[in-house]
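Structural description and commentary
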Amino acid sequence: MKLGGRGVVDESHVAWRVATGAPYVSSILYYDGLIYMANGGGIVTAVDAATGTTEELNFGIVHFSDDEGHTWRESETLIIVPLDGGRRGLYAWDEWSVVELTDGRLLGVGRTCLNRLFQCFSEDQGVTWTNVGPTELSTDGSPCLLRRIPTTGDLLIIWTQTSAEEYRKYLT
């Protein structure tokens, strides 16, 4: 919001909007030119404070908590989505969902602008992460929800499917 407004300023004093990527209910933090928005599940989205964009970021920084959100640490790994080994660009990986697998590893699955969900793994509770790679799940860029069913250990993922052909393939 721009300073100096009076009354209803929801249109006249908005400096920028985040079209996607901002958590619905968010805790906000400004640090070093970035605005960090954390949702209740511990997923953090960062945007440039001056423009509201992620265009120049092209990487993700993982912040994790092992004490129910009382303290946060930054992982040692930047999350980058390289296309063709980086020769065709680097892409942001946004709004990802993390679950602990039955073997103790963490699985992160998130959206990109490449119309495919991508994934990576951590074997040390989020301190480091493997390289990000594509899944077989196509998407329109909407965020996904990933959970592990406690009684069976099975994974449940909810996402927006885009291809009718792929939609039929995964349901048959």
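It should be emphasised that the depicted structure is a prediction, and the values quoted were computed from it without experimental measurement. (Residues numbered from 1 in each chain as written. Predicted model: local features only at pLDDT ≥ 70, side-chain atom pairs only at ≥ 80, totals over all residues. Heavy atoms only, no water.)

**Observations regarding the overall build of the protein chain**
The test is simple: Per the convention used, a helix needs a DSSP run of H or I reaching at least four residues, while a strand needs a run of E reaching at least two, with both numbered from the N terminus. Exposure is judged per residue with a 1.4 Å probe applied to protein chains only, and the accessible area is read against the type maximum: over 50% gives exposed, under 20% gives buried, and values in between give partly exposed. Note on contacts: a residue pair qualifies if any of its non-hydrogen atoms lie within 4.5 Å across the two residues. The Shrake-Rupley method, run with a 1.4 Å probe sphere, supplies the accessible areas, and residue values consider only the shown protein chains as cover.
Tallying secondary structure elements over the protein chain gives one helix and 13 strands in all. Expressed as a percentage of the 172 residues in the protein chain, the buried residues total 33%. Counting only contacts in the protein chain whose residues sit at least 6 apart along the sequence, the fraction spanning at least 24 positions is 31%. Surface summary for the protein chain: the accessible area is close to 11,100 Å², and the carbon and sulfur share equals 52%.

**Notes on the confidence of the model for the protein chain**
The condition that has to hold: Confidence per residue, as judged by the predictor, is encoded in pLDDT with a range of 0 to 100.
When the pLDDT values of the protein chain are averaged, the result is 76; 72% of them are 70 or greater. Taken element by element, the predicted model of the protein chain shows its lowest mean pLDDT in helix H1 (residues 164-171) (60) and its highest in strand E13 (residues 155-158) (94).

**Examining the sheet that holds strand E10 (residues 116-122)**
Rules: In short, DSSP must find at least two bridges between two strands for them to pair. Lines fitted to C-alpha atoms define the axes here, with helix axes fitted over just the stretch in contact, and angles between the N-to-C directions of these axes take values from 0 to 180 degrees.
The four strands lie next to each other as E8-E9-E10-E11, forming an open sheet whose pairing is antiparallel. Each edge of the sheet is formed by a strand with only one pairing partner; in this case those strands are strand E8 (94-100) and strand E11 (133-138). Taking each pair of neighbouring strands and ignoring which way they run, the sheet shows an average axis angle of 30°. In terms of strand pairing, strand E9 (residues 106-111) meets E10 through five bridges, oriented antiparallel. Bridging from a neighbouring strand, Leu107 pairs with Phe121 of E10.

**Structural notes on the packing of aromatic side chains**
Aromatic ring pairs are defined here through the distance separating the ring centres and the angle between the ring planes. What counts, and what does not: By convention, a stacked pair of Phe, Tyr or Trp rings (six-membered ring in the case of Trp) has centres within 6.5 Å and planes under 30 degrees apart, an edge-to-face pair has planes over 60 apart, and any other such pair is tilted.
Per the stated rule, a full pass over the model turns up one aromatic pair. Seen from their ring centres, Trp96 and Trp129 are 5.1 Å apart, and the 80° between their planes marks the pair as edge-to-face. With a gap of 33 residues between them, Trp96 in strand E8 and Trp129 in the loop between E10 and E11 connect regions that are remote in the sequence. Since its relative accessible area comes to 10%, Trp96 is described here as buried. With relative accessibility at 8%, the residue Trp129 sits in the buried group.

**Considering a nonpolar patch on the surface**
For the record, the criterion: Patches in this entry comprise residues that are over 30% relatively accessible and not in a salt bridge; like charges within 9 Å are linked, as are nonpolar side chains (Val, Leu, Ile, Met, Phe, Trp, Tyr) within 5 Å. The salt bridge definition used is simple: a Lys or Arg side-chain nitrogen within 4 Å of an Asp or Glu carboxyl oxygen.
Residues Leu145, Ile149, Leu156 and Ile158 make up a contiguous nonpolar surface patch of roughly 320 Å² in combined accessible area. By secondary structure assignment, the location of Leu156 is in strand E13.

**Some words on the pattern of salt bridges**
Applying the stated rule across the entire model yields two salt bridges. The residue Arg111 makes a salt bridge to Glu95 at a minimum N-O spacing of 2.9 Å. Linking Arg111 in strand E9 with Glu95 in strand E8, this pair joins segments that are 16 residues apart in sequence. A residue is classified by how much of its surface remains accessible, and Glu95, at 17% relative accessible area, is buried.

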